[in-house]
Amino acid sequence: MTDRTDTATINAHSGAPLWLLAELTYRCPLQCAYCSNPLDFASVRDELTTEEWLDLLAQAREMGAVQLGFSGGEPLVRQDLEQLVAEARRLGFYTNLITSAQGLDEARIAALREAGLDHIQISLQASDPDVAAAVAGSAKAHARKLAMARAVKAAGYPMVLNVVLHRHNIDQLDAIIALCDELGADAVELANCQLYGWAHLNRAGLLPSREQLEAAEATTGRWRIRLAERGRAMDLLFVVPDYYNDRPKACMGGWGSIFMTVAPDGAVLPCHSARLLPMTFPSVRDRSLREIWYDSEAFNRYRGDAWMQEPCRSCDERHRDVGGCRCQASLLTGDPDATDPVCSLSPNHHLIEAARREADGADGTVGALTPRNVHESRIFCRS
């Protein structure tokens, strides 16, 4: 068996990091209870400077990265965003702003377009303003999102909307898609909540029942037919929650395969949720991106298949699903090396089945969810 630290062997199969997610900050004016940011985000205060971000963008591009997402928190909180976008354009990246639209206005859209931003994706919480306000923790955010979605479209960008679905808004999916249609959306990602970070903390109040999920899939199917009959080009992508699959996904295309995240303090991660794992990730303040990607223990830990336990080790699908999600395995079993419990072959699959049963009988209101905010994060840090 190959040792997981045999980086020379593993690196023979390691390509370039094609996709870079730049998490510029954990600061955000909203309090969404399904946020993927770490529970202890309040402990991260020393954000990378403009100069540090510019340097790592150059490093990533030199390594072969071509797609760049600006995310957070809320990336618009950073006043240097336009400068970073302009440098990314100069380097040759395709750039995407992933935003709640809080802090966006027509002037800033124009400035970002002038800087060379290629794409803007805006998140929506619901079609109903009251539900949206309860989820976001802001009574004004919903109206701002709608106004900015129209402004983005007017500025010549494709309008791409992301809606995180959960048990409190999934029954409104017909109205949600109708709203996206009315706004003139070009593409809509209907992303059922994936249960990491704050979403895992709130799992009992977020995971929809199977009945809700099946109804939502049917609604999406009817809308696809309706849109096609009208000749309306609005793509609908419906993302099923992992907990309702029987085979795991190859998370981010495989650990350290094509994707990397740089956190606000410079920690480099193989996915945006990896910080929850019981391991240490290197920082761009200490090592180059190239060294981290190819030579660090963290990025080599789950490359290849030498680390796999049974039943993954002898499974014919192990090179397709690469054992599933390490974050999910760690959250559910306490062992990041375990087979993803989503897999029906996993000895821990009963944990997923139990969660499904819990969702079928769950009740409660949006107000019962723990909001993602600095106060709650500091409580988590202390505990």
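Given the structure is predicted, the values throughout are model-derived calculations rather than measurements.

## Concerning the overall build of the protein chain
1) Next: Looking only at helices and strands, one finds 16 helices and nine strands in the protein chain.
2) Next: In terms of overall size, the protein chain behaves like a compact globule, its C-alpha atoms giving a radius of gyration of 21 Å where 383 residues would be expected to give roughly 21 Å.
3) Next: Residues classed as buried in the protein chain amount to 55% of the 383 residues present.
4) Next: Restricting the contact set of the protein chain to residue pairs at least 6 apart, pairs at least 24 apart contribute 75%.
5) Next: By element, 50% of the accessible surface of the protein chain is carried by carbon and sulfur atoms, the whole surface being about 15900 Å².
6) Next: When the 39 basic and 51 acidic side-chain charges of the protein chain are each reduced to a single mean position, those positions are 2 Å apart.

## Describing the side chain of aspartate 265
1) Next: You can see aspartate 265 is positioned in the loop between strand S8 (259-262) and strand S9 (268-269).
2) Next: A polar atom in the side chain of aspartate 265 sits 3.3 Å from the backbone nitrogen of alanine 267.
3) Next: Within polar-contact distance, the side chain of aspartate 265 engages the side chain of arginine 275 at 2.4 Å.

## A word on the packing of aromatic side chains
1) Next: Throughout the structure, instances matching the rule amount to six aromatic pairs.
2) Next: Centroid distance tryptophan 255 to tyrosine 302: 4.9 Å. Interplanar angle 80°. Geometry classified as edge-to-face. Here tyrosine 302 lies in the loop between helix H12 (297-300) and helix H13 (318-321) and tryptophan 255 lies in the loop between strand S7 (235-239) and S8, a separation of 47 residues in the sequence.
3) Next: Centre to centre, the rings of tyrosine 302 and tryptophan 307 are 4.9 Å apart; their planes meet at 80°, and the pair counts as edge-to-face.
4) Next: Overall, the relative accessible area of 6% leaves tryptophan 307 in the buried class.

## Observations regarding the layout of surface pockets
Rolled over the atoms, a probe sized like a water molecule indicates the empty space that remains.
1) Next: Quantified by volume, the largest pocket comes out at close to 1300 Å³.
2) Next: Surrounding the largest pocket, 45 residues form its lining, Ser36, Ile98, Gln121, Asn162 and His272 being those nearest its centre.
3) Next: Listed by contribution, the elements that provide at least two residues to the lining of the largest pocket are strand S1 (19-23), strand S3 (94-99), strand S4 (119-124), strand S5 (160-165), strand S6 (187-192) and S7.
4) Next: A total of four residues in the lining of the largest pocket trace back to one element, the largest contributor, which is S4.
5) Next: Of the residues in the lining of the largest pocket, the class split is 22 nonpolar, 17 polar and six charged.

## Considerations on empty space enclosed by the protein
1) Next: In this structure the tally under the stated criterion is three cavities of 30 Å³ or more.
2) Next: Space inside the largest cavity adds up to approximately 120 Å³.
3) Next: Lining the largest cavity are 14 residues; nearest its centre among them are Cys251, Gly254, Trp255, Gly324 and Arg326.
4) Next: Along the lines of polarity and charge, the residues of the lining of the largest cavity split into 11 nonpolar, two polar and one charged.
5) Next: Of the volumes computed, that of the second largest cavity is approximately 80 Å³.
6) Next: Along its surface, the second largest cavity is lined by Arg247, Pro248, Pro311, Cys312, Cys315, Glu317, Arg318, Asp321, Gly323, Thr339, Cys343 and Leu345.
7) Next: Broken down by class, the residue content of the lining of the second largest cavity amounts to six nonpolar, two polar and four charged.

## A few points about the pattern of salt bridges
1) Next: Tallied over the entire structure, the rule returns 21 salt bridges.
2) Next: The partner of arginine 27 in a salt bridge is glutamate 47, and the shortest N-O contact between them spans 3.0 Å. In this pair, arginine 27 is assigned in the loop between S1 and helix H2 (50-63) and glutamate 47 in the loop between S1 and H2, connecting sequence segments 20 residues apart.
3) Next: A single salt-bridge network, built from bridges that share partners, covers Arg27, Glu47, Arg78 and Asp80.

## Comments concerning the environment of alanine 101
1) Next: Tracing the backbone shows alanine 101 in the loop between S3 and helix H4 (106-115).
2) Next: Sequence-wise, alanine 101 and serine 123 are 22 residues apart; in three dimensions their C-alpha atoms are separated by 7.6 Å.

Rules used throughout
- Residues numbered from 1 in each chain as written.
- Predicted model: local features only at pLDDT ≥ 70, side-chain atom pairs only at ≥ 80, totals over all residues.
- Heavy atoms only, no water.
- Helix = DSSP H or I, 4+ residues; strand = E, 2+ residues; numbered from the N terminus.
- Rg over C-alpha atoms; globule rule 2.2 N^0.38 Å.
- Buried < 20%, exposed > 50% of the residue type's maximum accessible area, 1.4 Å probe, protein only.
- Contact = heavy atoms within 4.5 Å.
- Areas by Shrake-Rupley, 256 points an atom, 1.4 Å probe, with all protein chains shown as cover.
- Lys, Arg positive; Asp, Glu negative; His and termini not counted.
- Charge placed at Lys NZ, Arg CZ, Asp CG, Glu CD.
- Polar contact = N/O pair within 3.5 Å; in protein donor to acceptor, adjacent residues only side chain to side chain.
- Phe/Tyr/Trp six-rings, centres within 6.5 Å; stacked < 30°, edge-to-face > 60°.
- 1 Å grid on protein atoms, 1.4 Å probe; cavity = no way out; pocket = protein on both sides within 12 Å on 5 of 7 lines; lining within 4 Å.
- Points joined across faces, edges and corners; volume = space filled by probe spheres on them.
- Nonpolar A, V, L, I, M, F, W, Y, C, P; charged D, E, K, R; others polar.
- Salt bridge = Lys/Arg side-chain N within 4 Å of Asp/Glu carboxyl O.

Structural measurements only, silent on function.
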